[in-house]
Amino acid sequence: MVDAATVLPAGLVASAVVSASSANLGPGFDSLGLALSLCDEIVVETTGSGLVVIVEGEGAGQVPLGPDHLVVRAIQRGLDAVGLHAAGLVVRCRNDVPHSRGLGSSAAAVVSGLAAVNGLAVQTDSKPLSDTQLIQLASEFEGHPDNAAAAVLGGAVVTWVDQRDGRPDYAAVSLPLHRDIHLFAAIPQERSLTAETRVLLPAHVSHEDARFNVSRVALLVVALTQRPDLLMAATEDVLHQPQRAPAMPSSAEYLGLLRRLNVATALSGAGPSLIVLSTEPELPVEAVEYGTANGFTIRKMTAGDGVRWKPGVTVSG
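Per an unreviewed UniProt entry, the protein is named Homoserine kinase, and its organism is Mycobacterium asiaticum. Quoted verbatim from the Function (unreviewed entry) heading of the UniProt record, the comment on the protein is "Catalyzes the ATP-dependent phosphorylation of L-homoserine to L-homoserine phosphate."

Written out as structure tokens, the structure reads:
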């Protein structure tokens, strides 16, 4: 039974804009993330009763339009966390982040729902969720913090997990991305689910492979922040990309071509999209022509901002 004092009045409006993200960046499995300049936006309005979910753009006609919608679940979790209750909601989602392509669409959905709660909370006497709390709650949905932390903080992030009182404690810090790094995403039409590709990963790895990836992750932090000339070596991986390649042969082949052209490229999250971190402002003509001919949409991007929320409606810039 919800105490009447905690029920939000009808007519409150809040909004949030959240960036797409790319996780792993090659060797940083579940520990490195990067926000991208491709955004989802939601607007939430409290009502007297019921639930209405409206989806435009990515996922329209495909995602559930009820309490199982990921944004709605995140809103409910956020309301619980700040001690509020909404008798009814209208949730409007305008999605630009492609679904099931390895660009953090689920993290964007969760972070946007949690952040919109902040826009409702500040219209009451409730304290909004901090970035630390947003990362924790969003990561609980995800099971790992790389996409969630990038969506909350923006830019590049390093994440980790501690176990406290039998539960995971998710944390992250930002990295200053070097100004000479140019970002591109190669997005195929095909889709992939993280849960389906994780089963391809072995339960145990050799000391040799672990040592290789540890060295590359350390190097990648240097490359991202100080020495982008080291990105080719720094984005090498042996722990998850080779294992996932059979499930997405087109992405694996394109990844190999880009790297043969000396373009630092990695699988974006669990794929099938690719993320390019280049010191050149444009991709080689051969790379663009191959990608276009094989069904990839190549989008030039910049590092994404951290989540933005406010009471009222956000105007996209």
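S.K.: Account for the overall build of the protein, naming residues and giving values.
M.R.: For the protein, the helix and strand inventory stands at 10 helices and 11 strands. Its C-alpha atoms give the protein a radius of gyration of 20 Å, within 12% of the compact-globule value 20 Å for 317 residues. Sorting the 317 residues of the protein into buried and exposed places 50% on the buried side. Of the contacts formed within the protein by residues at least 6 apart in sequence, a portion of 75% connects residues at least 24 apart. Here the protein carries 21 positive and 32 negative side-chain charges, and the mean point of each set is 2 Å from the other.

S.K.: Just give me the short version of the packing of aromatic side chains, but keep the residues and values in it.
M.R.: Counted by the stated rule, this structure contains two aromatic pairs. Centroid distance Tyr 254 to Phe 296: 4.8 Å. Interplanar angle 50 degrees. Geometry classified as tilted. Residue Tyr 254 is found in helix α9 (residues 249-260), and its partner Phe 296 is found in strand β10 (residues 296-301); the two are separated by 42 residues along the sequence. Like Phe 296, Tyr 254 is buried. Among the aromatic residues, those joined into a cluster by ring pairs are Tyr 254, Tyr 290 and Phe 296.

S.K.: So what about the nonpolar core? Which residues, and what values?
M.R.: Core analysis: the largest hydrophobic core is formed by 45 residues, its most contacted members being Val 44, Ile 75, Leu 79 and Val 91. When residues in this core are grouped by element, the largest group, 10 residues, is from helix α2 (residues 105-121). Residues within four places of Val 44 in sequence aside, it is in contact with Leu 12, Val 13, Ala 14, Ile 75, Leu 89, Val 90, Val 91, Ala 116 and Leu 120. Core analysis: the next-biggest nonpolar cluster, separate from the first, contains 25 residues, Leu 36, Ile 181, Leu 183 and Ile 187 among them.

S.K.: Can you lay out the domain arrangement of the protein for me, pointing to particular residues and giving the numbers?
M.R.: Along its sequence, the protein is carved into domain 1 (6-175 + 304-311) and domain 2 (182-301). Taking only C-alpha atoms into account, the centre of domain 1 sits 26 Å from that of domain 2. Taken together, the contact between domain 1 and domain 2 spans 26 residues of the former and 35 residues of the latter. Contact between domain 1 and domain 2 buries roughly 2,300 Å² in total, counting both sides, with carbon and sulfur atoms accounting for 63%. Along the contact surface separating domain 1 from domain 2 lie zero salt bridges. If you look at where domain 1 meets domain 2, you find 12 residue pairs in polar contact (both at pLDDT 80 or more). Counting residues per element, the side of domain 1 that touches domain 2 draws most heavily on strand β2 (residues 32-47), which supplies five residues. A class-by-class count of the residues in the side of domain 1 that touches domain 2 yields 12 nonpolar, 11 polar and three charged.

Reading the values: rules and limits
- Residues numbered from 1 in each chain as written.
- Predicted model: local features only at pLDDT ≥ 70, side-chain atom pairs only at ≥ 80, totals over all residues.
- Heavy atoms only, no water.
- UniProt positions renumbered as here; feature names shortened; annotations may be inferred.
- Helix = DSSP H or I, 4+ residues; strand = E, 2+ residues; numbered from the N terminus.
- Rg over C-alpha atoms; globule rule 2.2 N^0.38 Å.
- Buried < 20%, exposed > 50% of the residue type's maximum accessible area, 1.4 Å probe, protein only.
- Contact = heavy atoms within 4.5 Å.
- Lys, Arg positive; Asp, Glu negative; His and termini not counted.
- Charge placed at Lys NZ, Arg CZ, Asp CG, Glu CD.
- Phe/Tyr/Trp six-rings, centres within 6.5 Å; stacked < 30°, edge-to-face > 60°.
- Core = buried A, V, L, I, M, F, W, Y, C linked by side-chain atoms within 4.5 Å.
- Domains from an automatic or database assignment.
- Buried area = accessible area lost by both parts, 1.4 Å probe.
- Salt bridge = Lys/Arg side-chain N within 4 Å of Asp/Glu carboxyl O.
- Polar contact = N/O pair within 3.5 Å; in protein donor to acceptor, adjacent residues only side chain to side chain.
- Nonpolar A, V, L, I, M, F, W, Y, C, P; charged D, E, K, R; others polar.

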